[in-house]
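Summary of the model geometry
Each chain, written out:
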Amino acid sequence: MLTRRGFISTGLRVGAGLAAGSAATFLSGCAHRVAGPATLPSVTNQITGSGSLKAHAAAHGLLTGAAVAIPLLRSDPAYARVLSEQYSILVAENAMKWKALRPAPDRFSFGEADALVAFAEQNSIKVRGHNLCWHEALPDWFAVTVTKENARQFLTDHIMNVAGRYKGKMHSWDVVNEAVDAKSGRDDGLRKSPWFEMLGPDYLDIAFRTAREADPHALLTYNEYGIEYDNEEEAQKRAFTLQLLRRLKAANVPLDAVGIQSHIRAGSSYSFGNGIREFMASARQMGLQVFITEMDVNDDELPDDDVAKVDHAIAAVYRDYLTTVLAEPAVTAVLTWGVSDGHTWLNNPMRKQRHPNRPQRPLPFDENYRPKEAFFAMRDSFDKGMSRNLVND
Ligand code: G3I
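Residues numbered from 1 in each chain as written. Predicted model: local features only at pLDDT ≥ 70, side-chain atom pairs only at ≥ 80, totals over all residues. Heavy atoms only, no water.

A few words now on the overall build of the protein. When its secondary structure is counted, the protein shows 13 helices and 11 strands. Expressed as a percentage of contacts within the protein between residues at least 6 apart in sequence, the contacts between residues at least 24 apart total 78%. In the form shown here, the protein has an accessible surface area of approximately 15800 Å², with 50% of it arising from carbon and sulfur atoms. (Helix = DSSP H or I, 4+ residues; strand = E, 2+ residues; numbered from the N terminus. Contact = heavy atoms within 4.5 Å. Areas by Shrake-Rupley, 256 points an atom, 1.4 Å probe, with all protein chains shown as cover.)

What follows is the structure, encoded as structure tokens:
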């Protein structure tokens, strides 16, 4: 059970008084005096060990983590070191999706997924699985092979094989990802995904029940995006998402948590607050934990080319958003969708870039793994949040 121990008093804050924009040399393990951005004073700060994200999070019963690109994990020791120093939970950015795991209808390819689980085990880090059922990242053979007749078998076989392989090793699984889409025009808000078209709304029930059978210990999660902001579109999506979660609970479908992806934006007129607060409280009242599963801050609406100003604006969004969500006791994990600005889906060349000469900087570390203002904003927000007792520790 989640237990609210009350808000942390200011006296317990670690690192209080650090400038929001403080920077530190990285990979040191000891205190360094470093120069911050020109407008900020130099500070002494330690960012590993007791100064790490995971230490600050753990002090309040929170897990913190990041999405991992396995090719980088294999090729870049500095990346691996940041992962082991900073995070208490990891998730594969792509390696556990159908497209990565299923080279052919009758074959599985677990190399990259196994590498993440092994790395996490060696470093005593928890792992989230992402994901077992989604309308994207399906292999090319899917559309010409999976039919109404065999879809249930493909789905259950996949989940039994994948969740079964890592049975007892996973903190949680995103069992179904992004099932809601108001634009599909249905009264229940469900997306007309391939799974929906072949199996109807029951595909969610099937996926969750199979996941529980495959791994009774993992926290089974429904993961969604576009439910963070206080605008009409996202309010409607929150309502549809809650409607879905209530239906699943009423049908005794095993469901333990809801993931709020949290791909949010700097510099827009969007605002968050009451909508997400009420959403999280409703999830808690259903007995669900809440995970912030994929946080990053898109800066393409910022006019500025001054990197320090961009980073400052991004950090402010981290601070505001995390302060808002961490006031909710059901939130037990915060993960960012990547580690450093050197590798982020937002800079994928396939995406149209508003500022082609200014790559996005959405993550807590820069391209050289130096902590940015966003790193310190995360730590400060963890410090200000309330303490929780982790259910699945
Ligand atoms: O690895 C291939 C490479 O060999 C090839 O040359 C290249 C050409 O397109 O593609 C590479 O694969 C790309 C892969 O990312 C690895 O970079 C895929 O095209 C690309 O579609 C894939 O995008 C991923 C996307 O999900 C779709 O699966 C992103 O990395 C990943 O960050 C993104 O993550 C999603 C979450 O799963 C769900 N929530 C939203 C989030 C962001 O879109």
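Having seen it, we continue.
We now examine the confidence of the model for the protein. Per-chain confidence: the protein averages 89 in pLDDT, with 88% of residues scoring 70 or above. Low pLDDT, under 50, characterises residues 1-44; the stretch is placed with 94 contacts to residues that sit more than four places away or in other chains. (pLDDT = per-residue confidence, 0-100.)

With that out of the way, let us pick up the site of the ligand. Around the ligand, 13 residues are found, and the nearest of them are Glu93, Lys97, His130, Glu294 and Trp337. Contact distances for the ligand include 2.7 Å between an oxygen atom and a side-chain N or O atom of histidine 130. Between glutamate 178 and the ligand, the recorded distance is 3.1 Å, taken from a side-chain N or O atom to a nitrogen atom. In isolation the ligand has 790 Å² of accessible area, and contact with the protein removes 52% of it. (Near = heavy atom within 4 Å. Polar contact = N/O pair within 3.5 Å; in protein donor to acceptor, adjacent residues only side chain to side chain.)

Before going further, it helps to spend a moment on the pairing of strand E11 (residues 331-336). With six of its six residues buried, E11 lies for the most part within the structure. Taken together, the four bridges between strand E3 (residues 63-68) and E11 define a ladder with parallel strand orientation. For glycine 65, the partnering residue across the bridge sits in E11 and is leucine 335. Here four bridges tie strand E10 (residues 289-298) to E11, and the two strands are oriented parallel to one another. By the bridge assignment for E11, isoleucine 292 is matched with valine 334. After leaving E10, the chain enters helix H12 (residues 307-326) and then returns to the sheet as E11, a path that is right-handed. (Buried < 20%, exposed > 50% of the residue type's maximum accessible area, 1.4 Å probe, protein only. Pairing = 2+ DSSP bridges. Right-handed = clockwise from strand over helix to strand, strands pointing away.)

This next bit is on the pattern of salt bridges. In this structure the tally under the stated criterion is 22 salt bridges. A salt bridge links arginine 191 to aspartate 181; the shortest N-O distance between them is 3.9 Å. One end of the pair, arginine 191, is in the loop between strand E6 (172-177) and helix H8 (194-199); the other, aspartate 181, is in the loop between E6 and H8, with 10 residues separating them in the sequence. For the pair shown, arginine 191 and aspartate 181 are each scored as buried. Note that aspartate 300 and arginine 354 form a salt bridge whose closest N and O atoms lie 4.0 Å from each other. Of the two residues, aspartate 300 sits in the loop between E10 and H12 while arginine 354 sits in the loop between E11 and helix H13 (373-384), which places them 54 residues apart along the sequence. Here arginine 354 falls in the exposed class, since its relative accessible area comes to 55%. Three or more residues are tied together by salt bridges with common partners; here these are Asp311, Asp341, Arg361, Glu367 and Lys372. (Salt bridge = Lys/Arg side-chain N within 4 Å of Asp/Glu carboxyl O.)

Turning our attention to the packing of aromatic side chains. Think of a pair of aromatic rings as described by two things: how far the centres are apart, and how the planes are tilted against each other in angle. One pass over the structure, following the stated rule, counts 14 aromatic pairs. Arranged with centres 5.8 Å apart and planes meeting at 40°, the rings of tryptophan 141 and phenylalanine 154 form a pair that is tilted. With a gap of 13 residues between them, tryptophan 141 in the loop between strand E5 (126-133) and helix H6 (142-145) and phenylalanine 154 in helix H7 (residues 151-165) connect regions that are remote in the sequence. Relative to phenylalanine 376, the ring of phenylalanine 375 lies with its centre 5.0 Å away and its plane at 80°, an arrangement referred to as edge-to-face. Overall, the relative accessible area of 1% leaves phenylalanine 376 in the buried class. Members of the aromatic cluster, joined through ring pairs, are Trp98, Trp141, Phe142, Phe154 and Trp195. Positioned above the aromatic ring of phenylalanine 108 is the side chain of arginine 102, whose terminal nitrogen or guanidinium carbon lies 4.1 Å from the ring centre. Over the aromatic face of tyrosine 225 sits the side chain of lysine 237, whose NZ or CZ is 3.6 Å from the ring centroid. (Phe/Tyr/Trp six-rings, centres within 6.5 Å; stacked < 30°, edge-to-face > 60°. Lys NZ or Arg CZ within 6 Å of the ring centre and 35° of its normal.)

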